[in-house]
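Structural characterization, general
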Amino acid sequence: EKSLRFYLSEYSSHVLELKLSEDSMILLPPSLSKFAFVTKLDLSSNQIEVLTNVIAGMHSLTVLDVRHNRLQHLPYFLRNLRALTHVYCDVSVSLPPLEVREMGMESIFAYLDLCERYEARTEEVEKVRGKGRLKA
């Protein structure tokens, strides 16, 4: 009898669409990273609070559906998925703001890039402050 691990390693490169909706997922399973060639990923109607970098290697991904989850923001790494043309998420997702999401993927990518740069810069400032070289 062949294991799930065998099927994941043998056939994951042939899967183009993956529907994992209504599965009560809270976290994305690490095995999801094996599906590098998926073009459509449906994670809708789960309990996901954070999109982990498990999907960061899905460079063929064109459609990501994360509606009806508990997400508050889209992760910065999405900007590296340049094939992505559609992200479906709830209006309650606060980052990027709805206005940015309505302007399309290029605007979303630019926004996520700016947020990541800002966060990195803020961390640098905090490190310098922590070493006593910069006063608040």
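Chains are numbered independently. Their residues run from 1 in the order of the written sequence. Residues qualify for local features only when their pLDDT is at least 70, as the model is predicted, and side-chain atom pairs are given and counted only at 80 or more; totals for whole chains, interfaces and linings, by contrast, use all residues. Side-chain figures throughout are based on the complete set of non-hydrogen atoms in the structure, without hydrogens or water.

1. Thoughts on the environment of A110
A run of H or I in DSSP counts as a helix once it spans at least four residues, and a run of E counts as a strand once it spans at least two, with each numbered from the N terminus. Mapped onto the fold, A110 is located in helix 3 (residues 105-130). Distance from A110 to V100, taken between C-alpha atoms, is 9.4 Å for residues 10 residues apart in sequence.

2. Describing the confidence of the model for the protein chain
Of the residues in the protein chain, 90% reach a pLDDT of 70 or more, and the chain-wide mean stands at 86. Each residue carries a pLDDT value, the predictor's own confidence for that position, ranging from 0 to 100. Mean pLDDT values for the elements of the protein chain range from 65 in helix 1 (residues 4-11) up to 97 in strand 3 (residues 63-65).

3. A closer look at the pattern of salt bridges
Within this document, salt bridges are pairs made up of a side-chain nitrogen of Lys or Arg and a carboxyl oxygen of Asp or Glu, the two lying within 4 Å of each other. Counting across every chain of the model gives 6 salt bridges. Among the ionic pairs, R82 bridges to E106, the shortest N-O distance being 3.9 Å. Of this pair, R82 sits in the loop between strand 3 and strand 4 (86-88) while E106 is found in helix 3, placing the two residues 24 residues apart along the sequence. The pair formed by R82 and E106 is uniform in burial state, with each residue classed as exposed. The network of salt bridges with shared partners includes R79, D113, E116 and R117. A simple rule labels every residue: compare its accessible area, found with a 1.4 Å probe on the protein chains alone, to the largest value its type can have, and call it buried under 20%, exposed over 50%, or partly exposed in between.

4. Concerning the side chain of S44
Assignment of secondary structure puts S44 in the loop between strand 2 (40-42) and strand 3. Residues are treated as being in contact if the distance between any of their heavy atoms lies within 4.5 Å. Non-local contacts of S44, meaning those with residues more than four positions away in its chain, are made with L20, S21, E22, D65, R67 and N69.

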